[in-house]
Structure formats: structure tokens, C-alpha cells
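Chain by chain, the residues:
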Amino acid sequence: MANTNKKYEPEFKRKIAHLYLEGGRTIESINKEYHLGDGTVRIWARKHQEECANSPSTKEEQDTLAEIRKN
């Protein structure tokens, strides 16, 4: 069972949300690899989507980082 008291850095949360939303990974595979709780990825993904919707610059930054990582 995942540690419910653990704190994660915002960059890590964005990375996990990106893996799920744009990386084609399943929540189950991410949970197993990173030892996360059942609802954690879903919550982080939803918050990330809200941030991108409210701040276009956040979405642009994430797109730029994704392109850099591909190269």
C-alpha cells in the first residue's frame, strides 16, 4: 500500500500527469512503477488539466518540455 503521508514536488506531479495524459501510460502501470496510491494519478492529472486550461503559458511550457525530451 502506498504511503499516504508522502509529499511530492510539483515537477514530479507534472511528470506523472504528463505520462498519463500524453504519454499513453495507464494509471495502473504508473502506480506500480512509482508506488502511488489508487487515486493519486487521477487527481494530479485533473489538477494539471485545470492549470493548463487556466494558464495557457503552463500548457506551452509543458509542450516545449515534451519536445525537448523527445530529442
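This text follows the structure it describes.
S.K.: Which residues make up the nonpolar core, and what values do they have?
M.R.: Listed in full, the seven residues of the largest apolar core are I16, L19, I27, I30, L36, V41 and W44. If you list the elements that add at least two residues to this core, you get helix 1 (10-21), helix 2 (27-34) and helix 3 (40-54). Ignoring sequence-local partners within four residues, the contact set of W44 consists of Y8, F12, K13, I16, A17 and L36.

S.K.: How would you summarise the packing of helix 1 against helix 2 if you had to cite specific residues and measurements?
M.R.: Closest axis-to-axis distance for the helix 1/helix 2 pair is 9 Å, and the angle between their directions is 145°. Once helix 1 is placed against helix 2, the crossing between them reads as right-handed. Residues F12, K15, I16, L19 and Y20 of helix 1 form the contact with helix 2, whose participating residues are I27, I30 and Y34. A class-by-class count of the residues in the contact of helix 1 with helix 2 yields seven nonpolar, no polar and one charged.

Basis of the calculations
- Residues numbered from 1 in each chain as written.
- Predicted model: local features only at pLDDT ≥ 70, side-chain atom pairs only at ≥ 80, totals over all residues.
- Heavy atoms only, no water.
- Core = buried A, V, L, I, M, F, W, Y, C linked by side-chain atoms within 4.5 Å.
- Buried < 20%, exposed > 50% of the residue type's maximum accessible area, 1.4 Å probe, protein only.
- Helix = DSSP H or I, 4+ residues; strand = E, 2+ residues; numbered from the N terminus.
- Contact = heavy atoms within 4.5 Å.
- Axes fitted to C-alpha atoms, helices over the stretch in contact; angles between N-to-C directions.
- Left-handed = near helix turned anticlockwise from the far one by under 90°.
- Nonpolar A, V, L, I, M, F, W, Y, C, P; charged D, E, K, R; others polar.

So yeah, pure geometry; function would need other evidence.
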